[in-house]
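A look at the structure
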Amino acid sequence: MGDVPDNPNHFSMSVAQRAFLDANFEEALKHFFVCIKMLPVDRRGIYEEQFAASIHGWITTDHDNAGRAVRLYPQIRELFPLTIPTKLAIIRAVQATEQEKWLLNCLPICKDAMELATKPEELVALRIARVNLTTVPFPQWHIRMINDVARNEAYAKALSGSIKSRSSVVFDIGSGTGLLSVMAAKQTNLVIALEENICLAMLSKEVLKRNGVDGRVSVECVNSTQFKTCQKADVIVSEIMDCCVFGERIIETFIDAHIRFAHQKTIFIPNRATVYVRLFKCREIFDTHCQDYGGVRYRSEYVKINESTSEQPYWCTSPLDYSDFEFLSDPEEIHSADFTTLVELQKSINCSGSLTLLPVKKGVAHGFAIHFTSDLTGKGDILNSAESRSWELGIIPFKEPCLVDCGQELDISWKLAYNRLDVYNNFYDEGLQKNEDNLRYETASLEQLQKLRDDSYFKAMMAEIDEIDTAYTIDTSSSIPAQCMIETAAPQIPPRVLITSLNRYDGSLDQNAFFQIERYLGYRDNIKKIVPTRVRIFGRLFLSDRINSQARIDPTAHCQVDLATVRSFHLREMRDIRLSQRRDIVMNSEEFLIFDFDMNPERFKQDDYTTMNREIEVQPKGRISDGVIYEFEILGSRNTKLRPAAAFLFPERVYTQEEMTIMVDLHVGEMLISLKDL
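A brief look at the structure comes next. Just so it is clear, the model here is predicted, and its values are computed rather than measured. (Residues numbered from 1 in each chain as written. Predicted model: local features only at pLDDT ≥ 70, side-chain atom pairs only at ≥ 80, totals over all residues. Heavy atoms only, no water.)

Some thoughts on the packing of helix α4 (residues 65-79) against helix α5 (residues 85-97)
The N-to-C vectors of α4 and α5 enclose an angle of 165 degrees; their axes lie 10 Å apart at closest approach. In terms of their interaxial angle, α4 and α5 are classed as roughly antiparallel. Along this stretch, α4 crosses α5, giving a crossing that reads as left-handed. Two secondary-structure elements touch here, α4 through Ala 66, Tyr 73 and Ile 76 and α5 through Thr 86, Lys 87, Ile 90, Val 94 and Thr 97. Its residues assigned to classes, the contact of α4 with α5 comprises five nonpolar, two polar and one charged. (Axes fitted to C-alpha atoms, helices over the stretch in contact; angles between N-to-C directions. Helix = DSSP H or I, 4+ residues; strand = E, 2+ residues; numbered from the N terminus. Parallel < 35°, antiparallel > 145°, perpendicular 65-115°, else oblique. Left-handed = near helix turned anticlockwise from the far one by under 90°. Contact = heavy atoms within 4.5 Å. Nonpolar A, V, L, I, M, F, W, Y, C, P; charged D, E, K, R; others polar.)

See the structure below:
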């Protein structure tokens, strides 16, 4: 907001209200702010709803106002010191902007609000908001990376051997929460840490202070290619390799570092990275990305179905997620990038090649699996991503399964263009190649493919729609099968029936489904049915050592660097859990009902499902619990093999066999499952 004149006669509550109705939120807030401040505290409440709505509109229509609102919070709190709506409006609006810096700065606002909240609906909204504030801006892969002992020890050894004196200058590119920066600062007096994620950069400053090296490390929240300096580095260390090395733009980043930050003797860590490809067999991965329906062969965006470049070069997953995963060939080198020499590195910007794979087993191949090795120092200090906790495999599914024989020569080709690596199958069956022109392939999203194959849900849902209502049915779930059925009749307006889905393809609750239902119920007198008519969510306590290591920091993994600051950002939800494949997950309670949604439109019109809270008493079977796995039941059907589940995790592992009180919150389509009093 602009400068406020000293004379309050310039301000009027009626002007504020007119500006609010005209959506001129900047003008409304100027007048509200001054006029409300002149009122006694006990009379201000009648204007808080409009003030809160103005704050929300002011931030969401101009995301730059997120920072202004947070900075103004002390004055805003003075206007309404003992109430919740304005505080919650700021939090919700800043979350809608996804500006990570200001999300973290909303945590004290959330704490203030929770200390004041007494109404159940306020507590529900604030509990969900508090978790979102710590998990939304924090990259979910980061904990898995910093818990990788082999990776951390390899980088610690590489830094120790490369930093020659206390006067050495070290650049840490993509410094994250500061693990490598702390390691370097224990051996030198000047480390420049470059991290463009504002959340990680802010956290790293606390980590550096906690480890007593903050005076030796300068943290800059910027992409290294945008960082301006005349300083030259003796050591440049970075760990911005994705599962296929190049996806995080390491080539362009290191070329820029060579040109602007390096001198003739600068040491680069890593020294080199080599990418490998293998054939794999896994029917479930193929089924995840491929589905035939209505004469069309739908394939996900990760499948190369023609000569044109697919939207995504590869998908990422772990073989541990699939019990039937099997390699059919040994690793074959695709490309090796030398990071130490500018001329050699520039050759990796745009290159291509071909190679021959020799299967070591006879079987049905479903795609390529890609991994890499990295020599950190050029002295044989090797990291292997296939043996690491940090990286998954890059997966390129085939458009059709391929029968391969032991020793058969299989031709493949590849292309690396900047940060994109593509690998191509050149050995499809001759019959497929001849008939391919007659096959209709189309690309679909993974969510669309999941709905496409969910016949157990879809058939039951369509059975709930009378034939006469087909033309009056709207599919709000973007389900390909439903669209195929509905579009056989000319659509009629207004609609009578909504087809929806409260669950996403990754097993989680779909907030957008609630928004869509609310949108279409604007035809208050016309919507007669929501399909499916009943959705239930069931949960069970579970434990998993693997999930524990992926979600919570392990102090023993960090080479004597204290990362306790990160504990507040432990992951709270995991998705896309395929229970039929996950041998690491042990159920630790009987099944219990979380929610039972009667999808009668009247329930939604009366806002019955806007805010809900349940407390559930659960008796653990064993002593350790990591959280709650939840699954959907639609019209009495689970279909858990095809549709994955999701889980809410407790902030820390719980060790008890006594009865536990599970708290379930639902607010505007967002759900949180937590342990009471934690």
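Remarks on the packing of aromatic side chains
Here a ring pair, both rings aromatic, is described through the centre-centre distance and the interplanar angle of the planes. Applying the stated criterion across every chain yields a total of 23 aromatic pairs. Their ring planes at 85 degrees and their centres at 5.3 Å tell us that Phe 254 and Phe 339 sit as a pair that is edge-to-face. Placement of the pair is Phe 254 in helix α13 (residues 250-260) and Phe 339 in the loop between β11 (332-338) and α15 (342-346), with a sequence separation of 85 residues. We note that Phe 254, like Phe 339, is buried. Here the basic side chain of Lys 304 rests over the ring of Tyr 424, its NZ or CZ set 5.9 Å away from the ring centre. A cation over a ring is seen here: Lys 399 above Tyr 441, with NZ or CZ 5.7 Å from the ring centre. (Phe/Tyr/Trp six-rings, centres within 6.5 Å; stacked < 30°, edge-to-face > 60°. Buried < 20%, exposed > 50% of the residue type's maximum accessible area, 1.4 Å probe, protein only. Lys NZ or Arg CZ within 6 Å of the ring centre and 35° of its normal.)

Structural notes on the pattern of salt bridges
Scanning the entire structure with this criterion turns up 43 salt bridges. A salt bridge links Arg 582 to Asp 321; the shortest N-O distance between them is 3.5 Å. Note that Arg 582 is positioned in the loop between β23 (573-577) and β24 (586-587) and Asp 321 in the loop between β9 (315-317) and β10 (326-327), a separation of 261 residues in sequence. Its relative accessible area of 13% is what places Asp 321 among the buried residues. A network of salt bridges, in which partner residues are shared, links Asp 292, Arg 297, Arg 299 and Glu 400. (Salt bridge = Lys/Arg side-chain N within 4 Å of Asp/Glu carboxyl O.)

Observations concerning helix α18 (residues 455-463)
For α18, the full list of buried residues reads Tyr 457, Phe 458, Met 461 and Met 462. Across the axial projection of α18, the buried residues extend over an arc of 120 degrees, all falling on one side. Facing away from the buried side of α18 by more than 90 degrees, the exposed set consists of Lys 459 and Ala 463. (Arc of directions from axis to C-beta.)

Re the sheet that holds strand β16 (residues 410-417)
If you trace the three strands from one edge of the open sheet to the other, you get β12-β16-β17, paired in antiparallel fashion. Sheet topology places β12 (350-357) and β17 (420-425) at the edges, where each strand pairs with a single neighbour. Recorded for the sheet is a direction-independent mean angle of 20 degrees between the axes of neighbouring strands. The pairing of β16 with β17 spans six bridges and is classified as antiparallel. (Pairing = 2+ DSSP bridges.)

Notes on the side chain of Asp 242
Assignment of secondary structure puts Asp 242 in the loop between β4 (233-238) and α13. Buried within the structure, Asp 242 lacks any salt-bridge partner; its nearest side chain of opposite charge belongs to Arg 144, at an N-O separation of 11 Å. Of the polar contacts made by the side chain of Asp 242, one reaches the backbone nitrogen of Val 245; its length is 2.8 Å. A distance of 3.3 Å separates the side chain of Asp 242 from the backbone nitrogen of Phe 246, its partner in a polar contact. Apart from residues lying up to four places away in sequence, Asp 242 is in contact with Gly 247, Glu 248, Tyr 314, Phe 372 and Trp 391. (Lys, Arg positive; Asp, Glu negative; His and termini not counted. Polar contact = N/O pair within 3.5 Å; in protein donor to acceptor, adjacent residues only side chain to side chain.)

Some points on the environment of Cys 351
In this structure, Cys 351 sits in strand β12. Look at Cys 351 and you get buried, because its relative accessible area is 14%. Considering only alpha carbons, one finds Cys 351 and Thr 470, 119 residues apart in sequence, at a separation of 53 Å. In this view, Cys 351 contacts His 335, Trp 414, Lys 415 and Leu 416; residues no more than four positions away in its chain are not counted.

Things to note about the sheet that holds strand β18 (residues 441-444)
Taken together, three strands build an open sheet; the order of strands is β7-β8-β18 and the sheet is mixed. Bordering the open sheet on either side are β7 (290-293) and β18, each of which pairs with just one other strand. With direction set aside, neighbouring strand axes in the sheet form an average angle of 30 degrees. As paired strands, strand β8 (residues 296-300) and β18 are joined by four bridges and run parallel to one another. Each residue of the ladder has a partner; that of Ser 300, found in β18, is Ala 444.

Observations concerning the pairing of strand β28 (residues 645-655)
In terms of residue burial, β28 counts as a mostly covered element, since eight of its eleven residues are buried. In terms of strand pairing, β23 meets β28 through three bridges, oriented antiparallel. Note that in β28 the partner of Ile 577 across the bridge is Ala 645. As defined by bridge partners, strand β27 (residues 624-634) adjoins β28 across six bridges and the pair is classed as antiparallel. When the sheet's bridge partners are listed, Ser 625 is paired in β28 with Val 654.

With respect to the environment of Phe 372
In this structure, Phe 372 sits in strand β13 (residues 363-375). On the basis of relative accessible area, Phe 372 is assigned to the buried category, the value being 0%. Along the primary structure Phe 372 and Trp 391 are separated by 19 residues, whereas in three dimensions their C-alpha atoms are 9.5 Å apart. Setting aside its immediate chain neighbours within four residues, Phe 372 contacts Met 241, Asp 242, Cys 243, Val 245, Thr 274, Val 275, Tyr 276, Leu 383, Asn 384, Ser 385 and Trp 391.

With respect to the pairing of β8
Counting buried residues along β8, four of its five residues qualify, which places the element largely inside the surrounding structure. Here β7 folds back onto β8 in antiparallel fashion, the turn holding two residues, of which Gly 294 has a positive phi close to 60 degrees.

Describing the state of the cysteines
Throughout the structure, instances matching the rule amount to zero disulfides. Unpaired in terms of disulfides, Cys 106 finds its nearest cysteine sulfur in Cys 110, a separation of 8.6 Å. Judged by relative accessible area, Cys 106 falls into the buried class, the value being 0%. Of all cysteine sulfurs in the structure, the one in Cys 199 sits closest to Cys 221, which takes part in no disulfide; the separation is 10 Å. A relative accessible area of 37% means that Cys 221 is categorised as partly exposed. (Disulfide = S-S within 2.5 Å.)

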